[in-house]
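Residue-level structure breakdown
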Amino acid sequence: MGLLTIGAFAKASRLSPKALRLYDELGLLPPARVDPVTGYRLYAPEQLDQARLVAWLRRMGMPLTRIQRVCTLEADAAAQEIRAFWAQVEADTAARRDLATFLVDHLSRKDPVMSPTFKPLGIHAALSDTGLIRESNQDTAYAGSRLLAVADGYGSQGGSASTAAVDALKHLETDSIPAGNLLNVLEDAVEQAKQAVNGLAGAGSSPEEAGTTLTAMLWTGSQLALVHIGDSRVYLLRDGELFQITHDHTMVQSMVDEGRLSPEEAASHPQRSLLARALGQGTDTTADMRLHDARRGDRYLLCPDGLPTVVPTEEIHRVLSEISEPEQAVRALITLANGSGDSDNVSCVVADVLELQQ
């Protein structure tokens, strides 16, 4: 078979002539020959496979710059790149779904204002520990009448960074927040936390000098608004089952999401603590935010990675299920973590949702 005209090639590849001209200009799919007299583009039949791949990738929504990279790779590497792209699409879709759910649930609420005197979290406890080896504690844990928060600092000023981030949210405990303004208030609070952390580093300082994760839950009247950035976690014990309701923002977790690592490989990966998102200079500071329905009898655990890194999920489940007093549960979890011999700080917030007398 000889060379194909642009019209014939477009029909065979399911790409329009206009798209083919654009891809030629970008160097993505240049024709095999351009007639020097007429300027007509002519394509070789063996270019059809690449053209069809480009068409499929465009149908997936992949940007042209990334398609160019895929087209230069061998089959296995190209497949891996497509898998990574789609994992990111699914993550972005999930984030938008969470935001849509947040907005629908929030706008459907009947409470016009968050009452500062309503205290549904009847029992809560917060405790932070330096661990067995470290000389300083870079964790901050807080439990108030409405706000629960943990932060895990890093860098030479990590302790100050975690404290500053949590302090930036504490005004939410007493502020009366109109129902229609909750999302904006939470975004503003995260921005205030970010500015507080960035303000710790002086001019010319390294970005690594001050940074922190931040995970917090704010009671809104019948739900908990979750703000999460980094690899601290929130667990929910409900009807005897334990659920992790946050997603770790680490490079290793991204590799698991993309199918490049198994969960078992991730658990022992040497860079498992490398953050993809955090509050600090030079980092992605995008926070996950959503509303979470709370039920009477629910138990929540907020903790930085110092606990789940060394204490198996089964043990965390056992402690939360068997020990009824939150203060004792917190101490038992910290004892388990310290008993592992790990050098990290260990912090926990345990909160029970109770139906209080009004």
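Above: the structure in question.
Here goes a summary of the coordinates provided. (Residues numbered from 1 in each chain as written. Predicted model: local features only at pLDDT ≥ 70, side-chain atom pairs only at ≥ 80, totals over all residues. Heavy atoms only, no water.)

Spatially, the 3 strands line up as an open sheet ordered 1-3-2, and their pairing is antiparallel. Pairing within the sheet leaves two strands with one partner each, and these edge strands are strand 1 (4-5) and strand 2 (33-34). Of the strand pairs in this sheet, strand 1 and strand 3 (residues 41-43) are connected by 2 bridges, and their pairing is antiparallel. Counted as the bridge partner of Thr5 is Leu42 from strand 3. (Pairing = 2+ DSSP bridges. Helix = DSSP H or I, 4+ residues; strand = E, 2+ residues; numbered from the N terminus.)

Moving on, we come to the nonpolar core. Counting 30 residues, the largest nonpolar core has Leu169, Leu172, Leu186, Leu214, Leu218 and Leu279 as the members making the most contacts within it. Mapped onto this core, the elements with two or more residues apiece are strand 6 (147-154), helix 6 (158-167), helix 7 (182-198), strand 8 (214-219), strand 9 (223-229) and strand 13 (288-293). Considering every element that reaches this core, the biggest residue donor is helix 7, with 8 residues. Counting residues in each nonpolar core, the second largest holds 22 residues, with Ile6, Leu48, Ile67 and Phe85 among its members. (Core = buried A, V, L, I, M, F, W, Y, C linked by side-chain atoms within 4.5 Å. Buried < 20%, exposed > 50% of the residue type's maximum accessible area, 1.4 Å probe, protein only.)

Where strand 10 (residues 233-238) lies against strand 11 (residues 241-244), 4 bridges are found, and the strand directions are antiparallel. If you follow Tyr235 over to strand 11, its bridge partner there is Gln244. Count of turn residues in the strand 10/strand 11 antiparallel hairpin: 2 residues, of which Asp239 carries a positive phi of about 55 degrees.

For the structure shown, the criterion picks out 12 salt bridges. With a closest N to O distance of 2.6 Å, Arg299 and Asp352 form a salt bridge. Here Arg299, found in strand 14 (residues 299-303), pairs with Asp352, found in strand 15 (residues 346-352); they are 53 residues apart in sequence, far enough to count as distant. A relative accessible area of 9% places Asp352 in the buried class. In this structure, Arg331 and Glu327 form a salt bridge, with 3.4 Å as the shortest nitrogen-oxygen distance. Here the residue Arg331 and the residue Glu327 both occupy positions in helix 11 (residues 326-339), the gap between them amounting to 4 residues, near one helical turn. (Salt bridge = Lys/Arg side-chain N within 4 Å of Asp/Glu carboxyl O.)

As a further point, take the packing of helix 10 (residues 313-322) against helix 11. The N-to-C vectors of helix 10 and helix 11 enclose an angle of 155 degrees; their axes lie 9 Å apart at closest approach. By the angle between their axes, helix 10 is roughly antiparallel relative to helix 11. Like other packed secondary-structure pairs, helix 10 and helix 11 cross with a definite hand, here right-handed. Listed contacts from helix 11 to Glu315, Ile316, Arg318, Val319 and Leu320 of helix 10 are Ala329, Ala332, Leu333 and Leu336. Looking at the contact of helix 10 with helix 11, its residues break down into 7 nonpolar, no polar and 2 charged. (Axes fitted to C-alpha atoms, helices over the stretch in contact; angles between N-to-C directions. Parallel < 35°, antiparallel > 145°, perpendicular 65-115°, else oblique. Left-handed = near helix turned anticlockwise from the far one by under 90°. Contact = heavy atoms within 4.5 Å. Nonpolar A, V, L, I, M, F, W, Y, C, P; charged D, E, K, R; others polar.)

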